[in-house]
Amino acid sequence: ASSTVLAANIRATAPVTSANAVITGTVTAANIVATQTVATVGVVATGRIEPSQTIGILGTNTNNNANASSVGEFISSTVLIAASVPVTNGAAADVTSISLTAGDWDVAGNIWTDISGGTILTSVEGGISITSATMPTRPGGGSSAQWGATSSGGSNIGIIVGSVRLPLSGAQTVYLTTNCGFSVSSNKVYGFIGARRRR
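As the structure is a prediction and not an experimental result, all values here were calculated from the model.

1. Observations regarding the side chain of R197
Argument step 1. With respect to the helices, strands and loops of the structure, R197 is situated in strand β12 (residues 187–197).
Argument step 2. A distance of 2.7 Å separates a polar atom in the side chain of R197 from a polar atom in the side chain of T101.
Argument step 3. In contact with R197, other than residues within four places in its own chain, are S69, S70, V71, G72, E73, T101, A102, G103, D104 and W105.

Listed below in structure tokens is the structure:
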């Protein structure tokens, strides 16, 4: 087709491939039903796309990455212990951050402390925030986590920051944020944040 193809239904009962069906314009359809393979440069559907109830949508079968803006896109940031971030007792701080584009994202992470030998650690709180150096309001959409006890003598603590859904209408910086309680000496933090585009 050399121009736009509009159809309520496009049905293929035999293989349709780019070798014998060259599409240079937009294809829009309320339904595209194929009982065999349909391979095109691109298909735009203005109606519902309904996969088989048993076969579903085929996922990748190797260790590659989804393209930017595609469902399954993954963005992450890791801070290793060698680059751990100094923090102040009782003050929220960013461990690291990622930049996300508009879309529906699931974001999670973890936080580890790196205390000096004489530090007494009393609490570690973590969460996913869209405001720098600001803890999310508990329960943080599922992301907020906290450890509270007493750890000293160089005993470091790690906490898992739960997954939170972030539906974004535009570009957004997302922060892995912590607030630690400690005394006597110093404390640093490091960790990981990852985001998966759901749709």
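Read on, since the account is not over.
2. Some details on the nonpolar core
Argument step 1. Counting residues in each nonpolar core, the largest one holds 26 residues, and the members touching the most others are L100, V107, I128 and V174.
Argument step 2. If you list the elements that add at least two residues to this core, you get β6 (93–100), β7 (103–113), β8 (120–129), β10 (158–168), β11 (172–183) and β12.
Argument step 3. Here this core takes 5 residues from β10, the largest share from any one element.
Argument step 4. The residues contacting V107, other than those within four sequence positions of it, are L100, I128, G162, S163, V164, L166, V174, I193, G194 and A195.

3. A word on the pattern of salt bridges
Argument step 1. Scanning the entire structure with this criterion turns up 6 salt bridges.
Argument step 2. With a shortest N-O distance of 2.9 Å, R165 and D104 are connected by a salt bridge. Residue R165 is found in strand β10, and its partner D104 is found in strand β7; the two are separated by 61 residues along the sequence.
Argument step 3. Classification of R165 by relative accessible area gives partly exposed; the value is 48%.
Argument step 4. Since its relative accessible area comes to 8%, D104 is described here as buried.
Argument step 5. Taking the shortest distance from any N to any O, the salt bridge between D104 and R199 comes out at 2.9 Å. Pair noted here: D104 is in strand β7 and R199 is in the segment after β12, with a separation of 95 residues, a long-range link.

4. Quick look at the sheet that holds strand β9 (residues 145–151)
Argument step 1. Read across the sheet, 4 strands follow the order β6-β11-β8-β9 without closing on themselves; strand pairing throughout is antiparallel. Two strands lie at the open edges of the sheet, namely β6 and β9, each paired on one side alone. On average, each strand axis in the sheet is inclined to that of its neighbour by 10°, with strand direction left out of account.
Argument step 2. Bridge count between β8 and β11: 9 bridges; the pairing is antiparallel. Across the sheet, residue L121 finds its bridge partner in β11, namely F182.

5. Focus: the side chain of E73
Argument step 1. By the secondary structure assignment, E73 is in the loop between β3 (44–45) and β4 (74–79).
Argument step 2. In this structure E73 touches A66, N67, A68, W105, A195, R196 and R197, once residues within four positions along its chain are discounted.

6. So, the environment of A108
Argument step 1. Structurally, A108 can be placed in strand β7.
Argument step 2. Taking the relative accessible area as the measure of exposure, A108 reaches 24% and is therefore partly exposed.
Argument step 3. Between the C-alpha atom of A108 and that of V164, which follows or precedes it by 56 residues, the distance is 6.5 Å.

7. Structural notes on the environment of I75
Argument step 1. Relative to the elements of secondary structure, I75 occurs in strand β4.
Argument step 2. Note: C-alpha distance between I75 and S99 (24 residues apart in sequence) is 8.1 Å.
Argument step 3. Not counting the four nearest positions on each side in its chain, I75 is found in contact with I98, S99, L100, W105, I193, G194 and A195.

8. A closer look at unusual backbone geometry
Argument step 1. The peptide bond linking R138 to P139 adopts the cis configuration, its omega dihedral lying at 5°.
Argument step 2. One non-glycine residue, S69, adopts positive backbone phi at about 75°.
Argument step 3. Mapped onto the elements, S69 comes out in the loop between β3 and β4.
Argument step 4. Positive phi, close to 55°, is recorded for A133, a residue that is not glycine.
Argument step 5. Its location among the elements puts A133 in the loop between β8 and β9.

About the thresholds
Residues numbered from 1 in each chain as written. Predicted model: local features only at pLDDT ≥ 70, side-chain atom pairs only at ≥ 80, totals over all residues. Heavy atoms only, no water. Helix = DSSP H or I, 4+ residues; strand = E, 2+ residues; numbered from the N terminus. Polar contact = N/O pair within 3.5 Å; in protein donor to acceptor, adjacent residues only side chain to side chain. Contact = heavy atoms within 4.5 Å. Core = buried A, V, L, I, M, F, W, Y, C linked by side-chain atoms within 4.5 Å. Buried < 20%, exposed > 50% of the residue type's maximum accessible area, 1.4 Å probe, protein only. Salt bridge = Lys/Arg side-chain N within 4 Å of Asp/Glu carboxyl O. Pairing = 2+ DSSP bridges. Axes fitted to C-alpha atoms, helices over the stretch in contact; angles between N-to-C directions.

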